[in-house]
Amino acid sequence: MEGGSAPAPAPAPAPAPAPAEEGDGCAGLWELPVERCERRPECGRCSRPQKVCLCPFLPIHPLKVSTCLYIIQHPAEESRVLRTVPLLAACLPPDKYKILVGRRFSEDRYPELATVCRNPSTLILYPGAEATNLEEVAVMYSSPSVMIIIDGTWSQAKDIFYKNSLFRLPKQTILRPLQALCSFQLQHGAQIHHSKEHLLKNGLYDKPMPKNKRKLRRMELLVNNVKI
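Scope of this entry: the structure provided in the associated data block. These numbers come from a predicted model, not from an experiment.

Describing the layout of surface pockets
Empty space within the second largest pocket amounts to approximately 580 Å³. Around the second largest pocket, the lining is made up of 23 residues, and of these Leu125, Ile149, Ile150, Asp151 and Gly152 lie nearest the centre. The element contributing the most residues to the lining of the second largest pocket is strand E5 (residues 146–151), with 3 residues. Residue composition of the lining of the second largest pocket, by class: 15 nonpolar, 4 polar and 4 charged.

Take a look at the structure:
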């Protein structure tokens, strides 16, 4: 421009920041101290934490019993905090109990268990429709040689019982204290919860029936092969 100075050039744009490399945002995290998670020391006898050890309430010496216990334990019970099998094992001689963990027990894989289940003097503790009070059974048998106990929740125990034909061979028994406990709970506010089997048999199942054929088949087996 005549008579004037030339305009100053526009400043160059600042260079864009280089993209951060992957992982740079977490670089500082790797330097933070890591807290180690340590399990509380456990009692070697009752398998409970030492601060809440139950050994003072258990017999000092193993109980002298004539019956051998076969404990059929559902795999989920092994990791439960309040598992009771270690307490039972701590009260018995090592040759008077045997623990078998699993869901399915075939005669081929467990021949010893199959022999026990076929023994006429073997009893299984299960509150089925054919269960007899243990006190009444004691009159018929001088002393059962083996008692089978299923360790699990009600649904887990029922699944193990009905899906393993071996466990339907021994005579079913039930403990009277268990019946008394259930009655006490009902008298003090506990609600009655019927099983799906009971609801189906009595026409009280109010949920929509599954469309999946496999689920329908399972429900049919639940009501003793009655078509739904």
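That was the structure; now back to the text.
Description of the pattern of salt bridges
The final tally for this structure, using the stated rule, is 4 salt bridges. Among the ionic pairs, lysine 98 bridges to glutamate 112, the shortest N-O distance being 2.8 Å. Residue lysine 98 is found in strand E2 (residues 97–101), and its partner glutamate 112 is found in helix H2 (residues 111–117); the two are separated by 14 residues along the sequence. Judged by relative accessible area, lysine 98 falls into the partly exposed class, the value being 32%. Among the residues examined, glutamate 112 registers a relative accessible area of 42% and is labelled partly exposed. Taken together, the salt bridges that share partners define one network made up of Arg104, Asp159 and Lys163.

Regarding helix H4 (residues 154–162)
Within the sequence span of H4, burial applies to Gln156, Ala157, Ile160 and Phe161. All buried residues of H4 fall inside an arc of 130 degrees around its axis, so they share one side. Away from its buried face by more than 90 degrees, H4 exposes Trp154 and Ser155. In the core, the buried residues of H4 are packed alongside strand E1 (68–73), strand E3 (122–125), E5 and strand E6 (171–174).

Criteria and cut-off values
Residues numbered from 1 in each chain as written. Predicted model: local features only at pLDDT ≥ 70, side-chain atom pairs only at ≥ 80, totals over all residues. Heavy atoms only, no water. 1 Å grid on protein atoms, 1.4 Å probe; cavity = no way out; pocket = protein on both sides within 12 Å on 5 of 7 lines; lining within 4 Å. Points joined across faces, edges and corners; volume = space filled by probe spheres on them. Helix = DSSP H or I, 4+ residues; strand = E, 2+ residues; numbered from the N terminus. Nonpolar A, V, L, I, M, F, W, Y, C, P; charged D, E, K, R; others polar. Salt bridge = Lys/Arg side-chain N within 4 Å of Asp/Glu carboxyl O. Buried < 20%, exposed > 50% of the residue type's maximum accessible area, 1.4 Å probe, protein only. Arc of directions from axis to C-beta. Contact = heavy atoms within 4.5 Å.

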